[in-house]
Each structure stands twice: as structure tokens, then as C-alpha cells.
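Per-entry structural report
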Amino acid sequence: RSKETDAKEVMTLAQFEEPFLTFSRNNNKPSAVHAKRYILRLHLLPFFGAMKLDQIGAKEIERYKQLKQQPDEAQSPKSINNHLAVLRKMLNLAVEYEELDWAPKVKALRQPEHDFEFLDFLEAERLLEAADPKWRCILTLALKTGLRIGELLALKWEDIDLKVGRLVVKRTLWTNLEGTPKGGKRREVPLSRQTVAMLKAHRHLIGPYVFCDERGNHFTHNALQRLVPQTCRRAGLARWVSWHDLRHTFASHLVMKGRSLLEVQQLLGHSTIGMTMRYA
């Protein structure tokens, strides 16, 4: 360590929580800040909180990984890696803030690749046929555009060009907060003639949001949380899927139709082609 670092008291992880969350609030989406605060309070602070930042090394990190894999903790490798990602960002920020001279390497756990669920063409058709007419439009848009549920809830009529047949994803909704889409970039998605026709039939003058209640307020995640599995049940499908699985379905159908992974990446708004490669 440098003389300058020795001359001042090194902060504990608990003391560095607020500077870290302030940085996160300034630079991350509200959903990401919420996730980091949750991981800190429930997992990282109980273990590392009293340790000074320069006391957190490879040995302590491996002890944490071992603890979280015990039966009474029952944390999945993916969850533990999410914890480690927050810890890594905190320690790197401490270096940037000159609270540390260097940050230890935080190695993630190996985790198996998980298969993702998607509906085949016939199942997707059955889902839409069985849908309550009130919800058929939002389910169709999810299947035909690959928009995330937050992007669907935040979609406004001004984002859609029914003459040209396209929409622009400009924002997403998390709880009641609107923000930029994941990745921070807007993207354009073409609309099929079937989707354009459905949107024209759905067109209303209640308010700016495409999907809203009778007062013009956008729907919430909680209000629509069970809609997809309930519609799967109505359709008599052998398996029930989630909103995100409809996004997987959109991408899988594109690949099965011969569209390139680069095009799928652009339509989904993935930041790297590696995220899209699973559809190969």
C-alpha cells in the first residue's frame, strides 16, 4: 500500500455502501440500484460489512462463495455470481476513489448453461387464439416484436408509425419509474401487417400509453404478472411460459426462419452478440 493510504483510515465495506449507492444512482437504472441495495443488505454486508476494504482478499471471497453454497443458504451459482459482481464493482470503485490501491480479483463460479423456454409456431398460435380479447394485442406485440414487459408497459402511441409499420423502443418501465431501455439505447422494430392491423383495431384516445386502464394510466408489472401463464392454461398448452419466454419465442422464430444472429441482436437490443448466440 502507498504511504498516502497508510496515512488515512481505510473504510469498511459498510461505510463504503453509501458512496457506492450514490455512484449507482447517478449512473445506473433504478432497477439496477434496487438490485444492488438488495444484494448488499441481505448478503454482502452481513459477511463483509465490518471488514476494511483492504482486508477483503481472495481468501475472504472464497470463504463467502463456500458459505453461500451451503444447504442452509441454498443460493444458486447465478445468484452468487450476481453478489460477486456487486462486490467487484464496489472494490473497483474504491480504487477509483483512492480508498484502495488495488482490488483483488473476484472470480465467478462456474455455472451450467440453462435451456430457455420458447413456444413453437403452433403453440404461439394457440396462445393468441385462447387469449382474452382484452389482452390479445399486448400478447401479440410481445410475440411479434420481442419487447420486454417493461418496454411494452411504457410504450406510447407516439412511438408507433402504423403507416410505415414500425415502432421505436424509447423507454422502459420499472415499478412506476420510466427510464431508458436496457443498454441505454433506443431501437427500431418492424411490424408485420397482422400486428399493424391489430394495433389499429386497438387504437384508443384514452391517453398516451398503448396499454392502459380506463383512466389512461399504464398497467403495472404486478397487474399483468400472471397473464401469460394463465393464457397458457386457457390454451391447454403442456407447459406454461413467462413474459420473458415470449421474447425468447420471438428470437427463436426469427432464427428458425433463417434470419441472421446479427439482425436478431439488433431487434432484441442486446449489447453483445454473445447474448444472442444462445439462439444459434
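The notes below deal with the structure included here. (Residues numbered from 1 in each chain as written. Predicted model: local features only at pLDDT ≥ 70, side-chain atom pairs only at ≥ 80, totals over all residues. Heavy atoms only, no water.)

Following the criterion strictly, the structure yields seven aromatic pairs and no others. Where Phe16 meets Tyr97, the ring centres are 6.1 Å apart and the plane angle is 75 degrees; that geometry is what we call edge-to-face. Here Phe16, found in helix H2 (residues 13-27), pairs with Tyr97, found in the loop between helix H5 (77-96) and helix H6 (121-130); they are 81 residues apart in sequence, far enough to count as distant. On the accessibility criterion, Phe16 (1% relative accessible area) is buried. On the basis of relative accessible area, Tyr97 is assigned to the partly exposed category, the value being 37%. Each ring, one from Trp135 and one from Phe219, has its centre 5.1 Å from the other, and the planes form 65 degrees; the classification is edge-to-face. Of this pair, Trp135 sits in the loop between H6 and helix H7 (136-145) while Phe219 sits in the loop between helix H9 (193-202) and helix H10 (221-224); the two residues are 84 residues apart in sequence, bridging distant segments of the chain. For Phe219, a relative accessible area of 13% gives the class buried. Joined through ring pairs, the aromatic side chains of Phe47, Phe48 and Tyr64 make up one cluster. In this arrangement the basic side chain of Arg203 is found over the ring face of Trp157, its NZ or CZ atom lying 4.3 Å from the centre. (Phe/Tyr/Trp six-rings, centres within 6.5 Å; stacked < 30°, edge-to-face > 60°. Helix = DSSP H or I, 4+ residues; strand = E, 2+ residues; numbered from the N terminus. Buried < 20%, exposed > 50% of the residue type's maximum accessible area, 1.4 Å probe, protein only. Lys NZ or Arg CZ within 6 Å of the ring centre and 35° of its normal.)

Quick look at the pattern of salt bridges now. For the structure on display, the rule yields 15 salt bridges. A salt bridge links Glu62 to Lys65; its shortest N-O distance comes to 2.9 Å. Highlighted residues: Glu62 and Lys65, both in helix H4 (residues 58-68), separated by three residues, approximately one helical turn. Overall, Glu62 belongs to the partly exposed group, its relative accessible area being 39%. Given the relative accessible area of 5%, Lys65 is considered buried. A salt bridge links Glu158 to Arg171; its shortest N-O distance comes to 3.6 Å. (Salt bridge = Lys/Arg side-chain N within 4 Å of Asp/Glu carboxyl O.)

The next thing to look at is unusual backbone geometry. With a phi close to 65 degrees, Glu98 is a non-glycine residue in the positive phi region. Topologically, Glu98 is positioned in the loop between H5 and H6. Judged by its relative accessible area of 51%, Glu98 falls in the exposed class.

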